[in-house]
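These are the residues of each chain, in order.
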Amino acid sequence: MIEVKNLCKRFDNQAAVNNLSFRVESGQFCMLVGTSGCGKSTTLRMVNRLIEPSSGQILINDQDVISLPPEQLRRRIGYAIQGVGLFPHKTIYQNIATVPRLLGWHNRKIRDRVEELLTLFQLDVDTFSGKYPHQLSGGEQQRVGVARALAAKPELLLMDEPFGALDPLTRERLQDELLRVQKLLGITIIMVTHDLEEAVKMADVIAVMDKGEILQMDSPEALLRHPREGFVQHLVGGLDRALRLLTIQRVSEVMTPPDPTSLTPSTPTIGQLTNLRDALSLLIWEHVERLAVVNDAGDIIGQVTMADILHKGARA
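Scoring rules and cut-offs
Residues numbered from 1 in each chain as written. Predicted model: local features only at pLDDT ≥ 70, side-chain atom pairs only at ≥ 80, totals over all residues. Heavy atoms only, no water. Buried < 20%, exposed > 50% of the residue type's maximum accessible area, 1.4 Å probe, protein only. Helix = DSSP H or I, 4+ residues; strand = E, 2+ residues; numbered from the N terminus. Arc of directions from axis to C-beta. Contact = heavy atoms within 4.5 Å. Polar contact = N/O pair within 3.5 Å; in protein donor to acceptor, adjacent residues only side chain to side chain. Pairing = 2+ DSSP bridges. Axes fitted to C-alpha atoms, helices over the stretch in contact; angles between N-to-C directions. Right-handed = clockwise from strand over helix to strand, strands pointing away.

Novice: Could you give an account of helix H13 (residues 276–286), naming the residues involved and the relevant values?
Specialist: Those residues of H13 lying buried are Leu276, Ala279, Leu280 and Leu283. Buried residues of H13, viewed axially, fall in a sector of 100 degrees; they line one side. Where H13 is buried, its residues contact helix H12 (240–247), strand E11 (269–271), strand E12 (290–294), strand E13 (300–305) and helix H14 (306–312). Measuring from the side-chain oxygen of the N-cap residue of H13 to the backbone nitrogen of Arg277 gives 3.0 Å; that N-cap residue is Asn275. Downstream of H13 by a residue or two, His287 has a phi angle that is positive, lying close to 55 degrees.

In structure tokens:
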């Protein structure tokens, strides 16, 4: 658990962060969202003391980070940034092993951890261990960057727009991969993004910032359904809100029992965890009235129609 209390940071008598307070529970994925210059990255960097706060408290599992030497604190916190920041002269193995070596881990333990993380991020150990960063694609480099941040099993992972420089397809794949890893490891993540779509897709809780303050902190659904008037309402959009709500609702939430008289072998299928926005797109693309909903084993467990999505789905 991380708790920020009355955090302030001033640069040349200007408040970059002003009296900021929020709490992120253990295992939660929190997104800091807002326009450029609103204080998102400054807040993130104060958590691991790359920037020292002017005043206030930052508690990680009830321990004030100011009480710890900065180097010791940063070895307990993973940090991943846009542009990755891998050491170009070190192999992928050596990059991931950086913090465990600083902590004095034995070679066998380091090797096991590096191989575990490469496998976790679907990077073949034999293929990637001996390569250098320049030999990898942007998406592969970003995977390695996140793996390095997780190498020492940190209590908290901080991410500053890690996917911002990637193409849309690679970005989406890495978002899905990070969500899978986060749920598997149960790690607490605070991530900065300017992309509301990314925040709605990934976060358990979203904090909307403007001018160094948090204007609203809520679950994605609560934020979209009940945005605070003014900046937050403008950020989440008007008509777009309904479409964004569809991305956080699953087919399983609106499906009805399968009807053998209306489902045929040619009826398109869709997974039960697919979001309603993708289901709506598939209905339109296939020019059909209904989709057969299947579980992980491929068994038909229900059906969903355009009417189900419109009547039971998102309503802003």
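Following the structure, the description resumes.
Novice: Run through the sheet that holds E12, naming residues and quoting values.
Specialist: Read from one edge to the other, the open sheet built from 3 strands follows the order E11-E12-E13, with strand pairing classed as mixed. The open sheet has two edge strands with one neighbour each: E11 and E13. Here the strands of the sheet are splayed against their neighbours by 40 degrees on average, with no regard to which way each runs. Along the sheet, H13 makes contact with E11, E12 and E13, crossing E12 at roughly 135 degrees.

Novice: Explain the pairing of strand E7 (residues 156–160) to me, using residue names and the numbers behind them.
Specialist: Side-chain positions along a regular strand alternate between the two faces of the sheet. Summarising burial for E7: 5 of the 5 residues are buried, a large majority. Alternating residues of E7 divide into Leu156, Leu158 and Asp160 and Leu157 and Met159, and every residue in both groups is buried. Relative to strand E8 (residues 188–193), E7 runs parallel, the two being bridged by 5 bridges. Its bridge partner being in E8, Leu158 is matched across the sheet by Ile190. At this point the chain moves from E7, through helix H8 (residues 168–185), to the parallel E8, and the crossover so formed is right-handed.

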